[in-house]
Amino acid sequence: MTELHIMCLLFLLLILIFIESSSSFLTKPALTSRISLSLSSSTNNSYDDNNCNSLENYQSLFQWIKSNPQSYIHPSIQIRPSPRGGYGAFASTSIPKEDLLFRIPRETCITATNVLTDPDIGDAAKNLMKKAGPGGFTVALAAFVAKERLLFLEEGNSESVGFSNKGTFGPYLQTLPFARGYNGQDHILFWSKDEIESLLRGTMCYNEAVGLRTEVGRAAKIIDALLSPTILKARGEEDESLSDNNKNNPPLIPFLEWTRPPPPPSKRDGTLLPGMREAVKGSFVCLLTRSFEDTYDTIVSTEDAECLIPLLDMLNHDNEPSVRYSTNKDDGSVEVRARRDIGDDEEIYNRYREEEEMNMPYHRFFTRFGFVPGVDGDARALLEQKSSIFYPQKAEV
């Protein structure tokens, strides 16, 4: 065997060693927690959200949607403060039945395609879905939304980050309820532990609320592991484990950076990145209160597929909705039409779930969406009054 043959064999052996070590790293289920949202603690954010409720954000959302040539928004549609809390969509003039209110292009929605093709977390999201089972895509979708949120905020904090136009979904992110009180949202995920104990203990939604908060807390650790490299890079920081790996583990083949062994797990001892907990919590609030079944998706199994649809998700709930919507089978765009004649200055409503559903009684509606349907005002008053909506009633003898 010649010296050249020996050198070639050594080269191939080094490549095989690298591939084996990389492959085992990529396929190890470092994230084994499961989360099921079939029931589908800090409130001090690291960032300033004081301007979240500005109508200018909704005007920016309109302009962003309209920048897509396939979009359409009826000229009578306006966003205003709603008597039911937060903001809602209104008709400034009467709109006849079956008129098209708006068409939302697929490209402006947050879907499985965005998650699984994302250059930062796409591959990790696919692996997570395989390992986590039911609910895995929900965690992956929450991770993508949290990443977009954190990058959006980082651009707002620094001119040197280098992201253009505040991310792909910047104008949409400004309208989503990432913080308590934004758009009237007071979801139990935003509550403190003391509030849960003092207001919900003894109610029919206590166990469900505690379980949901626990699962979201577990998901935050998973998502932190997925997003940390991207967010640290955006912040101009570097994970110590990655720095140490570069110093102590040079490339197996000199001058070929891709042969460097993968880094070990982060040394942050389970501590979440600043702002991560709030971003993840807000992401799950967005998904619980605003996500829709994605009937156009062909990537994720039908029962798990969900997406976020801008503008449609702004419509407040009513058990007698004034709209109906459908997905175009050709391009995935969502068309929203008037179910009936809509009067001048009337608020436009969607129906989140039928209020008579046996598997969605009012106390579960509250846990999922953050309000009690048909009841105006703060649900806390009903809790303090020990309303039958929340408390089991003793049968009369």
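Residues numbered from 1 in each chain as written. Predicted model: local features only at pLDDT ≥ 70, side-chain atom pairs only at ≥ 80, totals over all residues. Heavy atoms only, no water.

**Here's the deal with the pattern of salt bridges**
Phase 1 of the analysis: Counting across every chain of the model gives 19 salt bridges.
Phase 2 of the analysis: A salt bridge links Glu 215 to Arg 218, with the shortest nitrogen-to-oxygen separation between them at 3.0 Å. Taken together, the positions of Glu 215 and Arg 218, both in helix H8 (residues 206-234) and three residues apart, correspond to about one turn of that helix.
Phase 3 of the analysis: Looking at Glu 215, the relative accessible area reads 18%, which means it is buried.
Phase 4 of the analysis: Measuring nitrogen to oxygen at the nearest pair gives 3.4 Å for the salt bridge that ties Arg 290 to Asp 313. Of the two residues, Arg 290 is situated in helix H10 (residues 276-290) and Asp 313 in the loop between strand E6 (306-308) and strand E7 (316-317); the sequence distance between them amounts to 23 residues.
Phase 5 of the analysis: Residue Arg 290 is classed as buried on the basis of its relative accessible area, which comes to 7%.
Phase 6 of the analysis: Overlapping salt bridges, with partners in common, bring together Asp 118, Asp 120, Lys 147 and Glu 148 in one network. (Salt bridge = Lys/Arg side-chain N within 4 Å of Asp/Glu carboxyl O. Helix = DSSP H or I, 4+ residues; strand = E, 2+ residues; numbered from the N terminus. Buried < 20%, exposed > 50% of the residue type's maximum accessible area, 1.4 Å probe, protein only.)

**Things to note about H10**
Phase 1 of the analysis: Taking 1.5 Å per residue as the helical rise, H10 with its 15 residues ought to reach 21 Å, and the 21 Å between its terminal C-alpha atoms agrees with that figure.
Phase 2 of the analysis: Of all 15 residues in H10, 14 are buried, a share of seventy percent or more. (Expected span 1.5 Å × (residues − 1).)

**Quick notes on the confidence of the model for the protein chain**
Phase 1 of the analysis: Per-residue confidence for the protein chain averages 81 on the pLDDT scale, and 75% of its residues sit at or above 70.
Phase 2 of the analysis: A low-confidence stretch, residues 1-51 stays under pLDDT 50, and its non-local contacts, those more than four residues away or across chains, total 75 contacts.
Phase 3 of the analysis: Every residue in residues 158-166 scores below 50 in pLDDT, and together they form ten contacts with partners more than four places removed in sequence or on other chains. (pLDDT = per-residue confidence, 0-100. Contact = heavy atoms within 4.5 Å.)

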